[in-house]
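Observations on chain architecture
Spelled out, the chains give:
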Amino acid sequence: MRVVETISLDAEAGCVTLIDQTRLPGIFRLVRCRTVDRLITAIARLEIRGAPALGVAGAYGVVLATRTIREKEHSRFMRALRSEAGRIMNARPTAVNLSWGVEQVMRAVEDAHSIHEARTKALESAQGVAAADARACHTLGKAGATLLGEHCTVLTHCNAGALACSEWGTALGVVRSAVEGGKEVEVIACETRPLLQGARLTAWELQRDGIPVTVIPDSSAAFLMKRGDIDLVIVGADRITPDAVFNKIGTYMHAITARHHDVPFYVAAPLSTFDPGRSAREVIVEERGREEVASCGRAAMVPEGVGVKNYAFDITPHDLVTAFVTDIGILTPPIDWKMIEAGRKDQKR
Ligand code: MRU
């Protein structure tokens with residue numbers, strides 16, 4: 001498999017480099033973020049996107065802040081750093097990994113005694129967040145691969161691949177691990193209106209790895225399931241609360257459809273995506289701009305004056321999930337949250 005370097009940090013140069021995911025598949029362009037403002041813009045524009053990748057971006061963002069804050073006195077520096085951390089966390093509201101990544105690094109710097117020490121600890125911690133994400137994806141990928149038959153067709157929604165993580169992917173990590181283990185897997189990628197992460201990104205990265213992939217309009221999924229063309233559905237997640245799964249808008253529709261047709265529906269996510277402390281109604285579902293739905297390039301797709309609703313995510317109850325594929329194994333609902341908490345504590349050690 002060819003490595004996709006979704007996001008990287010050059011601490012010496014004070015620069016976070018990421019693949020501009022708004023330009024794929026047509027243009028492969030790298031964006032260099034030297035300021036926290038530029039990184040926040042990249043997150044808001046979806047140049048970098050996908051929950052685990054946002055976790056890494058958040059962690060690297062704190063490192064950038066430690067290099068760009070001008071304060072020379074330690075307590076003032078820390079005050080400024082906390083404020084920058086808050087701005088990064090709020091760049092997008094739904095994926096819990098973003099605030100999780102920022103918090104991991106902030107926790108590491110809080111007990112630093114000097115600015116120099118804070119910079120060093122931030123860097124070590126952020127590199128740890130990226131490495132842990134890569135490990136988690138490989139671990140859950142191997143666990144999830146056992147759920148796939150020797151020859152099978154997997155439907156996925158949005159992009160939960162290497163582009164959405166530091167590498168390998170969650171839902172697509174399962175596919176990659178299965179292929180690596182010798183299974184023949186074909187992927188049906190839902191295009192994922194309105195920003196087409198499935199058609200543009202999932203198709204791009206699977207084609208690059210030589211994994212067969214076919215794109216369908218989101219609205220074809222029920223028809224294909226009815227015909228028996230889909231063996232299982234695997235999606236990623238932006239946040240898993242004790243009562244629900246937040247993922248790209250359209251996920252809930254696929255979960256209901258899969259249940260109706262007796263097709264297993266799996267959610268693949270690392271422990272960093274689990275949010276034990278919040279219920280679904282406390283989470284903000286991001287609403288994005290009208291233009292994402294109402295126009296295609298310069299052409300209008302909706303008459304002027306007609307309203308548009310553009311929620312970026314939806315909420316799927318756990319009882320529609322056959323199992324969660326995680327870095328501590330395959331968990332069947334109802335989830336044992338004590339295991340999740342214990343797993344998260346172990347990973348901090
Ligand atoms: O708006 P996006 O592109 O950031 O949404 C991404 C998704 O919904 C993914 O499915 C999710 O983050 C899981 S990525 C491993």
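Sequence positions are assigned chain by chain, starting from 1 and proceeding in written order. Where totals are concerned, whole chains, interfaces and linings use all residues; where local detail is concerned, this predicted model gives features only for residues with pLDDT of at least 70, and gives and counts side-chain atom pairs only at 80 or more. Heavy atoms from the whole structure form the basis of all side-chain values; hydrogens and water molecules are not counted.

**Side note on the packing of helix H2 (residues 51-68) against helix H5 (residues 115-145)**
Let me state the cut-off plainly: Axis definition: a line fit to C-alpha positions, over the contact stretch in the case of helices; interaxial angles, taken between N-to-C directions, run 0 to 180 degrees. Secondary structure elements follow DSSP: runs of H or I no shorter than four residues count as helices, runs of E no shorter than two count as strands, and numbering proceeds from the N terminus. Should an angle fall under 35 degrees it is taken as roughly parallel, and over 145 as roughly antiparallel, whereas 65 to 115 is taken as roughly perpendicular and any remaining angle as oblique. Helix crossings are classified by the rotation of the near helix relative to the far one: an anticlockwise turn of less than a right angle makes the crossing left-handed, while a clockwise turn makes it right-handed. In this analysis, two residues are considered to be in contact whenever any of their non-hydrogen atoms come within 4.5 Å of each other. Residues are grouped as follows: nonpolar covers Ala, Val, Leu, Ile, Met, Phe, Trp, Tyr, Cys and Pro; charged covers Asp, Glu, Lys and Arg; every other residue, Gly included, is treated as polar.
Across the interface, H2 lies against H5 with an axial gap of 9 Å and an inter-helix angle of 170°. In terms of orientation, H2 lies roughly antiparallel with respect to H5. Every pair of crossing elements has a handedness; the one defined by H2 and H5 is left-handed. Taking contact as the criterion, the partners of Pro52, Gly55, Val56, Ala59, Tyr60, Val63, Thr66 and Arg67 in H2 are, on H5, Arg119, Ala122, Leu123, Ala126, Val129, Ala130 and Asp133. Of the residues assigned to the contact of H2 with H5, the class counts are 10 nonpolar, two polar and three charged.

**Examining the sheet that holds strand S13 (residues 313-317)**
The strands making up a sheet associate through backbone hydrogen bonding, with each pair oriented either parallel or antiparallel. The condition that has to hold: In this description, strands pair whenever DSSP reports at least two bridges between them.
One open sheet accounts for three strands, arranged S8-S9-S13; its pairing is antiparallel. Looking at the sheet topology across the chains shown, the edges are occupied by strand S8 (239-241) and S13. For this sheet, the mean inter-axis angle between neighbouring strands, taken without regard to orientation, is 25°. Of the strand pairs in this sheet, S8 and strand S9 (residues 244-248) are connected by three bridges, and their pairing is antiparallel.

**Some remarks on the nonpolar core**
One broad trend across soluble globular proteins is that nonpolar side chains are buried collectively. Filter applied, for reference: Here the nonpolar core consists of buried residues drawn from Ala, Val, Leu, Ile, Met, Phe, Trp, Tyr and Cys, with membership extended through side-chain atoms lying within 4.5 Å. Only protein chains enter the accessibility calculation, which uses a 1.4 Å probe; a residue is then buried when its area is under 20% of its type maximum, exposed when over 50%, and partly exposed in between.
Counting residues in hydrophobic clusters, the biggest one holds 45 residues, and the most contacted among them are Ile7, Val16, Leu18, Cys33, Ile43, Ile48 and Leu81. The element contributing the most residues to this core is H2, with 11 residues. Formed by 28 residues, the second largest nonpolar core is a distinct cluster that contains Cys190, Ile230, Leu331 and Ile335.

**Some words on the site of the ligand**
Just so we agree on the cut-off: A cutoff of 4 Å decides nearness: a residue is near a molecule or strand if any of its heavy atoms lies inside that distance of it. Polar contacts here mean pairs of N or O atoms no more than 3.5 Å apart (in protein, one a potential hydrogen donor and the other a potential acceptor; neighbouring residues in sequence count only if both atoms are side-chain atoms). The method behind every accessible area is Shrake-Rupley, applied with a 1.4 Å probe, and residues are considered shielded solely by the protein chains displayed.
What surrounds the ligand is a group of 19 residues, the closest being Arg49, Arg92, Asp238, Asn247 and Lys248. In this structure, Gln197 approaches the ligand through a side-chain N or O atom, which is 2.9 Å from an oxygen atom. In this structure, an oxygen atom belonging to the ligand sits 2.7 Å away from a side-chain N or O atom of Asn247. When isolated, the ligand has an accessible area of 420 Å², and the protein chains bury 100% of it.

**Examining the state of the cysteines**
Which entries qualify depends on this criterion: What counts as a disulfide here is a pair of cysteine sulfur atoms lying within 2.5 Å.
Considering all chains together, one arrives at zero disulfides under this definition. There is no disulfide at Cys33, and the cysteine sulfur nearest it, in Cys15, is 7.1 Å away. Residue Cys33 is classed as buried on the basis of its relative accessible area, which comes to 0%. For the unlinked cysteine Cys165, the closest cysteine sulfur is that of Cys137, found at 3.8 Å. Overall, the relative accessible area of 0% leaves Cys165 in the buried class.

**Details of unusual backbone geometry**
Residue Pro194 is bonded to the preceding Arg193 through a cis peptide linkage, with omega at 0°. Along the chain, the position of Pro194 falls in the loop between strand S5 (184-190) and helix H7 (197-208). In this structure, Leu46 is a non-glycine residue whose phi angle is positive, near 70°. Tracing the chain through its elements places Leu46 in the loop between helix H1 (36-45) and H2. With a phi angle near 60°, Leu196 is a residue other than glycine that sits in the positive phi range. Residue classification places Leu196 among the partly exposed positions, given a relative accessible area of 26%.

**Topic: the environment of Phe313**
Within the element layout of this structure, Phe313 appears in strand S13. For Phe313, a relative accessible area of 5% corresponds to the buried category. With 70 residues separating them in the primary sequence, Phe313 and Asp243 have C-alpha atoms 16 Å apart. Setting aside chain neighbours within four positions, we find Phe313 in contact with Arg92, Thr94, Asp238, Asn247, Lys248, Ile249, Val285 and Glu286.

**Brief notes about the packing of H5 against helix H6 (residues 171-180)**
Running from N to C, H5 and H6 point in directions that differ by 65°, and their axes come no closer than 7 Å. Our classification of the angle between H5 and H6 gives roughly perpendicular. Along this stretch, H5 crosses H6, giving a crossing that reads as right-handed. When H5 is examined against H6, the residues His138, Leu140, Gly141, Lys142, Gly144 and Ala145 are found in contact with a partner set consisting of Gly173, Val174, Ser177 and Ala178.

**What to know about the pairing of strand S2 (residues 15-19)**
Burial analysis of S2 places five of its five residues in the buried class, which makes it a mostly covered element. Side-chain alternation along S2 places Cys15, Thr17 and Ile19 on one buried face and Val16 and Leu18 on a second face that is also buried. Here strand S1 (residues 7-10) runs beside S2; their pairing, made up of four bridges, is antiparallel. Within the sheet, the bridge partner assigned to Asp10 lies in S2 and is Cys15. Turn length for the S1-S2 hairpin, with the two strands adjacent in sequence and antiparallel, is four residues, and the turn residue Gly14 shows positive phi of about 65°. The sheet contact formed by S2 and strand S3 (residues 30-33) spans four bridges and is antiparallel. Bridged to Ile19 within S3 is Leu30.

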